[in-house]
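Reading the structure
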Amino acid sequence: MEVLELRQTRHLRVGDTLVSAAGRTFEVTKVARVGRGIRVAYLDDDGQPGRFTAAPDAVSRVRRSPGEHRSSITGAA
């Protein structure tokens, strides 16, 4: 069972793996502040680059690494 964590955009880090509702994964390659938002660059499953800009308090689904302990909301997919 894959364990996912709900994380605010401001807490994303390079190397995190985002998981879409459809189960696709995206590896975060860069995180930068842009005005009031945060721009996240990523590589998809096929190695294609992409990016999105989100509010700092927007929530993303992140695959939780084994042994990682955080005090945030977690769930299973």
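Refer to the structure printed above.
Let us look at the structure shown here. Owing to the predicted nature of the structure, the values given are computational and were not obtained by experimental measurement.

Of the strand pairs in this sheet, strand 2 (residues 17–19) and strand 3 (residues 25–34) are connected by 3 bridges, and their pairing is antiparallel. Within strand 3, the position partnered with Val19 by the bridge is Thr25. Connecting strand 2 to the antiparallel partner strand 3 that follows it, the hairpin turn spans 5 residues, and Gly23 within it adopts a positive phi of roughly 95°. With 8 bridges connecting them, strand 3 and strand 4 (residues 37–44) associate as antiparallel partners. From the neighbouring strand, Arg33 faces strand 4, where its bridge partner is Ile38. In this structure, the hairpin formed by strand 3 and strand 4 is closed by a connection of 2 residues, where Gly35 is found at a positive phi of approximately 60°.

Geometry of an aromatic ring pair is reported as the spacing of the ring centres plus the angle between the planes. One pass over the structure, following the stated rule, counts 2 aromatic pairs. Ring geometry for Phe26 versus Tyr42: centroids 5.2 Å apart, planes at 80°, classification edge-to-face. Of the two residues, Phe26 is situated in strand 3 and Tyr42 in strand 4; the sequence distance between them amounts to 16 residues. Accessibility assignment for this pair places Phe26 and Tyr42 in one class, buried.

With respect to the element layout, Thr25 can be found in strand 3. A polar contact is formed between the side chain of Thr25 and the side chain of Asp45, at a distance of 2.4 Å.

On inspection of all chains with the given rule, the structure shows 5 salt bridges. Between Arg7 and Glu5 there is a salt bridge, with the nearest N and O atoms lying 2.5 Å from each other. Comparing Arg7 with Glu5, the two get one shared label, buried. Salt-bridge contacts for Asp44 lead to Arg24; the nearest nitrogen and oxygen are separated by 3.6 Å. With Asp44 in strand 4 and Arg24 in the loop between strand 2 and strand 3, the pair connects residues that are 20 residues apart, well separated along the chain. Residues joined by salt bridges that share partners form a network here, namely Glu5, Arg7, Arg13 and Asp16.

About the criteria used
- For every chain, the first residue of its written sequence is number 1, and the numbers climb from 1 along that sequence.
- Local features in this predicted model are restricted to residues of pLDDT 70 or higher, and side-chain atom pairs are both shown and tallied only at a pLDDT of 80 or more, whereas totals for entire chains, interfaces and linings draw on every residue.
- Processing note: side-chain calculations cover all non-hydrogen atoms of the structure and skip hydrogens and water entirely.
- DSSP calls a pair of strands paired once it identifies at least 2 bridges connecting them.
- Put simply, DSSP H or I for four residues or longer makes a helix, DSSP E for two residues or longer makes a strand, and each gets a number counted from the N terminus.
- When the centres of two rings from Phe, Tyr and Trp lie within 6.5 Å, Trp using its six-membered ring, the rings pair. Their planes under 30 degrees apart give stacked, over 60 give edge-to-face, and anything left gives tilted.
- Throughout, exposure labels follow a simple rule: accessible area from a 1.4 Å probe, protein chains only, divided by the maximum for the residue type, with under 20% read as buried, over 50% as exposed, and the rest as partly exposed.
- The term polar contact refers here to a pair of N or O atoms within 3.5 Å; inside protein, the definition further demands a hydrogen-donor-capable atom paired with an acceptor-capable atom, and it admits residues adjacent in sequence only when both atoms are side-chain atoms.
- Each reported salt bridge corresponds to a side-chain nitrogen of Lys or Arg within 4 Å of a carboxyl oxygen of Asp or Glu.

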